[in-house]
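Reading the structure
Residues per chain, in single letters:
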Amino acid sequence: MNFAYSDEQRMLADTLERLVADQAPTETDALHGEPSPLWGTFAELGLLQLPFTEEAGGLGGDGIDVMIVMQALGRGLVREPYLAGLLLPGTLLARLADAPQRERWLAPLLEGELRLALAWQETAARYDAHAIATCARRQADGWIIEGAKQVVIAAPSATALLVSARVDDGTLGVFLVPADSPGLERRDYPTLDDQIASDVQLKGVALPHDARLGEDAAEALAEVLALGRAALCAEAVGAMEAACDQTLAYLKERRQFGTPLASFQVLQHRMVDMHLNLEQARSMAILAAASLERPSDERDYRVAAAKAYCGEAARFVAEQAIQLHGAMGMTEECRISHYARHLVMFDHHLGDVDHHLEFVSEGLSAA
Amino acid sequence: MNFAYSDEQRMLADTLERLVADQAPTETDALHGEPSPLWGTFAELGLLQLPFTEEAGGLGGDGIDVMIVMQALGRGLVREPYLAGLLLPGTLLARLADAPQRERWLAPLLEGELRLALAWQETAARYDAHAIATCARRQADGWIIEGAKQVVIAAPSATALLVSARVDDGTLGVFLVPADSPGLERRDYPTLDDQIASDVQLKGVALPHDARLGEDAAEALAEVLALGRAALCAEAVGAMEAACDQTLAYLKERRQFGTPLASFQVLQHRMVDMHLNLEQARSMAILAAASLERPSDERDYRVAAAKAYCGEAARFVAEQAIQLHGAMGMTEECRISHYARHLVMFDHHLGDVDHHLEFVSEGLSAA
Amino acid sequence: MNLEFTAEEQAFRREVRDFLATGLPDDIRERVRLGRRLSADDHLRWQDSLSVRGWLGVNWPQEHGGPGWGPVERHIFEEECAAAHAPTIVPFGVSMVAPVIMKFGSETQKRHYVPRILSNQDWWCQGYSEPGAGSDLASLRTRAVRDGDEYVVTGQKSWTTLGQHANMMFCLVRTDPEAKKQAGISFLLIDMETPGISVRPIITLDGAHEVNEVFLDEVRVPVANRIGEEGQGWTCAKFLLTHERTGIAGLGHAKQALRHLKSVALEIQHRGRPLLEQPHFRQRVVKAEIELMALEVTHLRVLAAARDGGAPGAESSLLKVRGSELRQELSELTRRALGPQALPFFPDHLYGDQELEREEAEHAALGAQYFNRRKLSIYGGSNEIQKSIVAKTLLGM
Amino acid sequence: MNLEFTAEEQAFRREVRDFLATGLPDDIRERVRLGRRLSADDHLRWQDSLSVRGWLGVNWPQEHGGPGWGPVERHIFEEECAAAHAPTIVPFGVSMVAPVIMKFGSETQKRHYVPRILSNQDWWCQGYSEPGAGSDLASLRTRAVRDGDEYVVTGQKSWTTLGQHANMMFCLVRTDPEAKKQAGISFLLIDMETPGISVRPIITLDGAHEVNEVFLDEVRVPVANRIGEEGQGWTCAKFLLTHERTGIAGLGHAKQALRHLKSVALEIQHRGRPLLEQPHFRQRVVKAEIELMALEVTHLRVLAAARDGGAPGAESSLLKVRGSELRQELSELTRRALGPQALPFFPDHLYGDQELEREEAEHAALGAQYFNRRKLSIYGGSNEIQKSIVAKTLLGM
């Protein structure tokens, strides 16, 4: 039992801390086009290679390494699509792709030359990755994809999308769909948490045979979503840390009725409750990160528990951070409001509290 | 729209307030035997007649009158079985009984000469009054009752029990079973909230034809349970009032670290939360009491909402009252602990929060 | 005891409902329903419609042109307006400065300002809060120095709601810097066209421009624009703060929000069934419904007391606390109901004229609204302040 | 980073489990399982069994006869004991006064008392709290007046747990009435047989006799029974309060309570199915399970830090707050699971020898236990005090 970082992890954390501290907030507008200079820095630091196996051209980082990165990005509220544009589509690609597919897509992804996005969500399926209506029909000369995907984070900046679809043999397929494919229509918008996303229509999109990644992708997708959820928990913990720090600093600095707000007992205890939620959420993020290599049922149970727990904790911290900042916390210009939006909307990514509680409930041991 | 008491109600409330203030706490032991002197006072004041129609020999009081009585009894923590020994069995009797049955049982009940009890609960049915296993078989010379009832409040002091049973024609029957009937076995015990109760076995209890009260009793039982639930809400509101008053007085009197506890902001706000729960619970108790004459679906919906709401509020007030009294609140000798037991166990009488939320959920309007 | 409205009150409710069916322009109703921002003109069209009907001065006595309603009628009116998606009446003129002028103003001031308010000629905003003062109103620093028949006002006001549309501001200023906190404050009416005034938007975390900062740089205000005596400003402010707080629970809004939540949760599907049937989601809706039932009865108790001459004091703080908590919970459930669809953010639609497809428009505001509703537990005295008021005044702690 | 126990730690866990299978008398295990009170003899039989095994002085170094365990071993031991329904070791001798004597006592005192504690010859109780002092320990009023080689002690101690069985009490007394609060306090060891001592039971709201008041009326205590210098009592008290708080979350008890809750909710029927399948009840169980997962990892983080030489400070306050909240929630759910069956109260069974039928006995303690668990957020510094400690020490507020 050991909760200390290795020397390499300590270095990684320190590097990221400095990087993030120097970083100005990313503008949503800047997320649309080409990868930003910061993305280049990520590439230089090896962050884009970190979460991939050496065999896939990566550095072989594990769940804890990803946690360290995401926590730092959350702390700095860095809105570069590390998760949506790299981690989710990249690990799915690495898991499923054959050598030519890897060479064409994975290698440049890890070099920072392009970004991808994972289109897995559909309106009627809510957060369920399996109950999807998008279908892929096998043709003589390849595939025809028909359907619609919603809220595909980072799609506007993606060269290609990884699209999940039900194949006519009943298996779950994942297809690599270039963003400029005829029949692919994107509607782009910013999100409430300062990211960019698209709703995507796939109207008879024709793809070559080799557009499908591997065979039945159900287990691979589950694995990647587990990684993504653990990563989101870590990101939320980083953001909660920052929100707690900023709120505490505000309470100490701000005076009302002649004394610092920090001297009011009710606000002290509220701040302790925030801190308690942070520390418990941190524990769950660690548990999730450390469970990614476990058997899938154990992994998914723990990850769902962590995502549900962090969802509640993040919302509590966000709401109290706004409340304790008073009217200031309601303004765009006060940085806490961006953290609060991030922490609340955390719950709408990769399944919310209810979704994950339902999962835990179904797997609850009776003993 | 008018929330003021009538002149008569004001007098009733004043009388009860004085009576209850003078009253020493009822000892559980004293509840076993003959009606106590206080019961005699109830009779003298007309309290035993109050909730019954004039046609049934009563004073024609309505739901608000019952609320006034129960609230005062709750405030004084009077553990006489006004609800369990009089109100529930009496109103059911008045609703179902024919003239000879009334004369034999109802008249002396209203005179304070005997008490009854309502045996409706069964282990497997939890709080459901209809899913019962006790059955009544029709015989040439009367009825045979077979089954078991649990936690029959006030049974040890009852001359007879009103027992619900499934009749072989599928209707719900209510039977008047004298306490000394052969085959009726009672196991008596005190309850955690200072009442007395029994588990009752009915082993082939033979009864005459006229032991059945009326025909299908389902609607009458629902009506009586609604009255009982509204009455319990009022009683809880009275007890919450007293618990809030005592806790507030304690906080003002007790000093720690050199200042009164009442000067600590966290305790002030907690006290306000208690008060808020009290006032909202009071509103629901009023709503329940005022809805008893409404059509049964509306009545039951509102009463269930009130019972669920008061259940949560009562527990909150009880737990905070103990917590704010510190170690003192943990002791038998501090009166708050008795109020706390009463307020927590309130939820186990006539259906708990979950039971009633389920009912409201089933009746929830979608608009 | 009786929880029903009288026949007259029920007839009044029908009258309000009938008026709303025709007196509220459809385009405005639709923008409110969809949670989109109203233009100044939208507000004025609605308030003109009310003015013509004689219903604008909701809390005014008849002698000043108000309808002479009691608290119960006002409650019914507010509830029906919320149900019909009518805009809230901009309160700064009608509900706030007008009663102060009627109570403390000179005859000249009354004759000048009161009719202009009732005819929507002036758009008033409030110059109370200052940056860094929060709920501690009395610590204000904007100063007014007497110079002949004028005050020269310098300072900064904040959280000035809809100040971007206003031509008049009522303002608390410090006229005596030597006097202790509450003393030395005066109540001035300031023309927003006066040189030295500038207004800067504050964008809130939902992307909206509702509030502003107002900078005053040697703004010259005639002494004739002072209400009451010099140094009497705190009395006016307190009168205004305690005046008319029966609507504070936001009951009509809460009811409307619950209806809206249910309609969204009926439409959104979860595992092939309406989300409203999902047990845990439904449970939270059920609890909100019950909390609302309780809040409504408590509210009616306070209304009945006010009607019968009682002054709702600390009880309105209780209503504000529970009312804001409930409305925040409803906004949370509505956001959550949307699932991934809560993420898209369309500021040009919500705050401008960009049109969306029907279905998208129905949900477009709900995510941002959750964030907007966070203000309910902050403004008008935060819930923490409200609880301290109750502890002090009602519980004597 | 690694959340698993080492192979050695897992082997140790098996060793503890094997010992518990034979070393814990079955009748004691059953009484603990059913929530019934243990007699003094029950406690002693169990502690003798531990003593023989060398495991009684759980937090003692080996040179004093302890097993020399680190925080991780202690945690495993506590968890296995709770799972096996072993009684909690009565802490006043082993865990509380012994470390104080080892740290501050004279050689004579050490040689006399320490072995007697390890062999269960003395039953210690704690004379800290006083009526009316609550969490404000330093305001104590029991006074000790020096008279030759003796102190004459007069005063009253309260909340003395299991004092009815004790033959020795460690006691904070005021030896210098002139000195300020914390100064002027000394730490005395008092023989309960000394004339002038009387013990009065306090019955708690669950009907139990766990705590007592102890009256001291001119009790003569040899000066040789003082630990440390005169006036050094507060130092001893603080050492004792901060010593060994890793078990404070009650993790083993919480785990056991969750298992118990599930077994009860599986057995109790609701609409013909196990209550555990009722969605809302199940949801609360699920939330408790997740809270417990988080608490366990947090606990392990603190343990690992303690093992590696860190001093768990304010973190243990966090664990106490969440641990007590969780255990209270579990006791609430267990009570609620019983439905109407939570009402019957059988004090003669719980606290005496009255036997009940099997099924009745299984549930008899659960209602009372809910009330008993209210103490978790009060004793050892209420949760409010804990939060104030965290605010001050960890957050610098």
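Residues numbered from 1 in each chain as written. Chains lettered and ligands numbered in written order. Predicted model: local features only at pLDDT ≥ 70, side-chain atom pairs only at ≥ 80, totals over all residues. Heavy atoms only, no water.

1. A short note on the overall build of chain C
Looking only at helices and strands, one finds 14 helices and 10 strands in chain C. Its C-alpha radius of gyration of 22 Å places chain C within 12% of the 21 Å reference for a compact globule of 397 residues. With the principal axes as the frame, chain C shows a C-alpha extent of 75 × 50 × 50 Å. For chain C, the proportion of its 397 residues judged to be buried stands at 60%. Counted over contacts in chain C with a minimum sequence separation of 6, partners at least 24 positions apart contribute 72%. For chain C, the exposed surface amounts to about 15500 Å²; the carbon and sulfur share of it is 51%. (Helix = DSSP H or I, 4+ residues; strand = E, 2+ residues; numbered from the N terminus. Rg over C-alpha atoms; globule rule 2.2 N^0.38 Å. Buried < 20%, exposed > 50% of the residue type's maximum accessible area, 1.4 Å probe, protein only. Contact = heavy atoms within 4.5 Å. Areas by Shrake-Rupley, 256 points an atom, 1.4 Å probe, with all protein chains shown as cover.)

2. Brief notes about the confidence of the model for chain C
Per-residue pLDDT for chain C averages 94, and the proportion of residues at 70 or more is 97%. With pTM at 0.96, the complex prediction returns an ipTM value of 0.96. (pLDDT = per-residue confidence, 0-100.)

3. Structural notes on the packing of aromatic side chains
What the rule picks out here adds up to 34 aromatic pairs over all chains. Lying over the aromatic face of F346 of chain B, K307 of chain B brings its terminal NZ or CZ to 4.0 Å of the ring centre. The side chain of R13 of chain C reaches across the aromatic face of F5 of chain C, ending 5.2 Å from its centre. (Phe/Tyr/Trp six-rings, centres within 6.5 Å; stacked < 30°, edge-to-face > 60°. Lys NZ or Arg CZ within 6 Å of the ring centre and 35° of its normal.)

4. Quick notes on the side chain of S198 of chain B
Residue and element names in this part refer to chain B. In this fold, S198 is placed in strand β7 (residues 196–207). Residue classification places S198 among the buried residues on the basis of a relative accessible area of 0%. At a separation of 2.7 Å, a polar atom in the side chain of S198 contacts the side chain of D188. If sequence neighbours within four positions are ignored, S198 has contacts with K149, Q150, V151, V152, A155, P156, R186, R187, D188 and Y189. (Polar contact = N/O pair within 3.5 Å; in protein donor to acceptor, adjacent residues only side chain to side chain.)

5. A few points about unusual backbone geometry
Although it is not a glycine, D194 of chain A adopts a positive phi angle of roughly 65°. Relative to the assigned elements, D194 of chain A resides in the loop between β6 (184–190) and β7 (196–207). Residue D194 of chain A is classed as buried on the basis of its relative accessible area of 13%. Positive phi values are uncommon outside glycine, yet R271 of chain D reaches one of about 50°.

6. Let's talk about the interface of chain B and chain C
Between chain B and chain C, the contact holds 42 residues from the first and 41 residues from the second. Of all residues in chain B, M1, F3 and L364 of chain B bury the most surface against chain C, accounting for 22% of the area lost on that side. Salt-bridge contacts for R294 of chain B lead to E4 of chain C; the nearest nitrogen and oxygen are separated by 3.3 Å. The tally of links between chain B and chain C comes to 19 residue pairs in polar contact (both at pLDDT 80 or more). At the level of elements, α3 (63–76), α6 (218–253), α7 (265–290), α8 (296–325) and α10 (353–363) of chain B are the ones that each hand at least two residues to the side of chain B that touches chain C. Among the elements that take part in the side of chain B that touches chain C, α7 of chain B stands out by supplying 18 residues, more than any other. Looking at the side of chain B that touches chain C residue by residue, the class counts come to 25 nonpolar, 10 polar and 7 charged. (Buried area = accessible area lost by both parts, 1.4 Å probe. Salt bridge = Lys/Arg side-chain N within 4 Å of Asp/Glu carboxyl O. Nonpolar A, V, L, I, M, F, W, Y, C, P; charged D, E, K, R; others polar.)

7. Re the interface of chain A and chain C
Across the contact, 48 residues belong to chain A and 48 residues belong to chain C. Interface area, chain A with chain C, both sides summed: about 4100 Å², of which 55% is carbon and sulfur. Of all residues in chain A, R126, L192 and M330 of chain A bury the most surface against chain C, accounting for 19% of the area lost on that side. In this assembly, chain A and chain C are joined by 9 salt bridges. Between R315 of chain A and E332 of chain C there is a salt bridge; the shortest N-O distance is 3.4 Å. In this structure, the connection of chain A to chain C is made through 20 residue pairs in polar contact (both at pLDDT 80 or more). Elements with a contribution of two residues or more to the side of chain A that touches chain C: β3 (142–153), β6, β8 (255–256), α7 (265–290), α8 (296–325), α9 (335–345) and α10 (353–363) of chain A. Split by residue class, the side of chain A that touches chain C holds 18 nonpolar, 13 polar and 17 charged.

8. So, the domain arrangement of chain C
Residues and elements named next belong to chain C. The assigned domain composition of chain C is domain 1 (7–89), domain 2 (123–231) and domain 3 (251–394). Each of domain 1 and domain 3 was reduced to a C-alpha centroid, and the two centroids are 21 Å apart. Contacts between domain 1 and domain 3 engage 16 residues on the former and 25 residues on the latter. Taken together, both faces of the contact between domain 1 and domain 3 bury some 1600 Å²; the carbon and sulfur share is 50%. Looking at the side of domain 1 facing domain 3, the largest losses of area belong to L34, R36 and H75, adding up to 32% of the total buried there. In this structure, R36 and E355 form a salt bridge, with 3.2 Å as the shortest nitrogen-oxygen distance. (Domains from an automatic or database assignment.)

9. Quick word on the packing of helix α10 (residues 314–337) of chain C against helix α14 (residues 383–394) of chain C
Residues and elements named next belong to chain C. Between α10 and α14, whose axes approach to 9 Å, the crossing angle comes to 150°. Our classification of the angle between α10 and α14 gives roughly antiparallel. α10 and α14 meet at a crossing whose hand is left-handed. Packed against α10, whose contacting residues are A314, E315, S317, L318, K320, V321, S324 and E325, the element α14 presents N383, Q386, K387, I389, V390, T393 and L394 at the interface. (Axes fitted to C-alpha atoms, helices over the stretch in contact; angles between N-to-C directions. Parallel < 35°, antiparallel > 145°, perpendicular 65-115°, else oblique. Left-handed = near helix turned anticlockwise from the far one by under 90°.)

10. Topic: the pattern of salt bridges
By the definition in use, this model includes 129 salt bridges over all chains. Measuring nitrogen to oxygen at the nearest pair gives 3.7 Å for the salt bridge that ties D26 of chain D to R29 of chain D. Placement of the pair is D26 of chain D and R29 of chain D together in helix α2 (residues 26–33), with a separation of 3 residues, close to one helical turn. Judged by its relative accessible area of 56%, D26 of chain D falls in the exposed class. The salt bridge partner of E362 of chain D is R33 of chain D, with a shortest N-O separation of 2.6 Å. Residue E362 of chain D is found in helix α12 (residues 358–364), and its partner R33 of chain D is found in helix α2; the two are separated by 329 residues along the sequence. In the salt-bridge network here, residues are joined through shared partners; they are R315, E319, D347 and D354 of chain A together with R284, E329, E332, R335, R336 and R374 of chain C.

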